[in-house]
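# Structure assessment
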Amino acid sequence: MSDFKELKVWQKAHALALGVNRVANASRSPAHSALRSQMIRAAMSIDANIAEGRGHRSDRELIRFLRISVASCYELESHLIMARDTRFVKAPDFTALTEQLIEVRKMLFGLIKYLGSARA
């Protein structure tokens, strides 16, 4: 297996995590500390699970970790909506991060489908 860092989906997921980290840490308001932490953790989980799955020997295991990454995408999306609705994240940042998130999620679904069909 090749290096996980060569996967476009990992690169995009990593860029998303960096963007979430930047936006979440722009405001150090104690009122949003739990949300900030959850946003960062969910975003980091996406690329981390891609990397961890790539470290396994089988496509089946990789697919399992990619599905965990998809679940983290949904979790992050929920946190971003809460952050927007509580005015923790500004509308332009919400839009940009959500667009990145949707792109990553689509790429994950595509890779899962590809790997699943390759196994059949």
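In this report, the structure presented in the accompanying data block is examined. (Residues numbered from 1 in each chain as written. Predicted model: local features only at pLDDT ≥ 70, side-chain atom pairs only at ≥ 80, totals over all residues. Heavy atoms only, no water.)

## Considering the packing of helix α2 (residues 33–54) against helix α3 (residues 59–85)
As a reminder of what qualifies: With axes taken as lines fitted to C-alpha atoms, and helix axes fitted only over the stretch in contact, angles between N-to-C directions fall between 0 and 180 degrees. Secondary structure follows DSSP: runs of H or I at least 4 residues long count as helices, runs of E at least 2 residues long count as strands, and numbering of each begins at the N terminus. Working definition: roughly parallel below 35 degrees, roughly antiparallel above 145 degrees, roughly perpendicular at 65 to 115 degrees, and oblique for all remaining angles. Should the near helix be turned counterclockwise from the far one by less than a right angle, the crossing is left-handed, whereas a clockwise turn marks it as right-handed. When residue character is reported, Ala, Val, Leu, Ile, Met, Phe, Trp, Tyr, Cys and Pro are called nonpolar, Asp, Glu, Lys and Arg charged, and the others, Gly included, polar.
At their nearest, the axes of α2 and α3 sit 8 Å apart, and the two run at 165° to each other. With respect to α3, the element α2 is oriented roughly antiparallel. Our pair here, α2 against α3, has a crossing hand that is left-handed. Among the residues forming the contact of α2 with α3, the class breakdown is 15 nonpolar, seven polar and three charged.

## Describing helix α1 (residues 8–24)
Applied cut-off: One less than the number of residues in a helix, times 1.5 Å, gives the span that helix is expected to have. Burial status follows relative accessibility: with a 1.4 Å probe on protein chains alone, a residue under 20% of its type maximum counts as buried, one over 50% as exposed, and anything between as partly exposed.
Between the first and last C-alpha of α1 there are 24 Å, a value that for 17 residues agrees with the 24 Å anticipated at 1.5 Å per step. Turning to α1, its buried residues number three or more, namely V9, W10, A13, L16, A17, G19, V20, V23 and A24.

## Looking at the environment of S117
The cut-off we apply is this: For this analysis, a polar contact is any N or O atom pair within 3.5 Å, provided that within protein one partner can donate a hydrogen and the other can accept it, and provided that sequence-adjacent residues contribute only side-chain to side-chain pairs.
Relative to the helices and strands, S117 is located in helix α4 (residues 91–119). As for S117 and D93, which are separated by 24 residues in sequence, their C-alpha atoms are 36 Å apart. Within the structure, the side chain of S117 is placed 3.0 Å from the backbone oxygen of Y114, a separation counted as a polar contact.

## Structural notes on the nonpolar core
To be explicit about the condition: Residues grouped as a nonpolar core are buried Ala, Val, Leu, Ile, Met, Phe, Trp, Tyr and Cys residues, joined through side-chain atoms within 4.5 Å. For this analysis, residues touch if any pair of their heavy atoms sits within 4.5 Å.
Residues M39, I46, I50, L76 and L108 are the most contacted members of the largest nonpolar core, which totals 35 residues. Sequence-distant contacts of L76, defined by excluding residues within four places in its chain, comprise L16, V20, M39, A42, A43, I46 and L101.

## Overview of the environment of R64
Assignment of secondary structure puts R64 in helix α3. Along the chain, R64 and N49 lie 15 residues apart, while their C-alpha atoms are 9.3 Å from each other.

## As for α3
Look at α3: 39 Å from first C-alpha to last across 27 residues, which is about the 39 Å you get at 1.5 Å a residue. Taken together, the buried positions of α3 are L62, I63, F65, L66, S69, V70, S72, C73, L76, H79, L80 and A83. Trailing α3 by a residue or two, R87 shows a phi angle of about 65°, which is positive.

## Some thoughts on the pattern of salt bridges
To keep it simple, the criterion reads: Think of a salt bridge as a Lys or Arg side-chain nitrogen and an Asp or Glu carboxyl oxygen that are within 4 Å of each other.
Inspection of the entire model under this criterion finds five salt bridges. D3 is the partner of K5 in a salt bridge, and the nearest nitrogen-oxygen pair spans 3.0 Å. Look at D3 and you get partly exposed, because its relative accessible area is 31%. Here R84 and D85 are joined by a salt bridge, their closest N and O atoms 2.9 Å apart.

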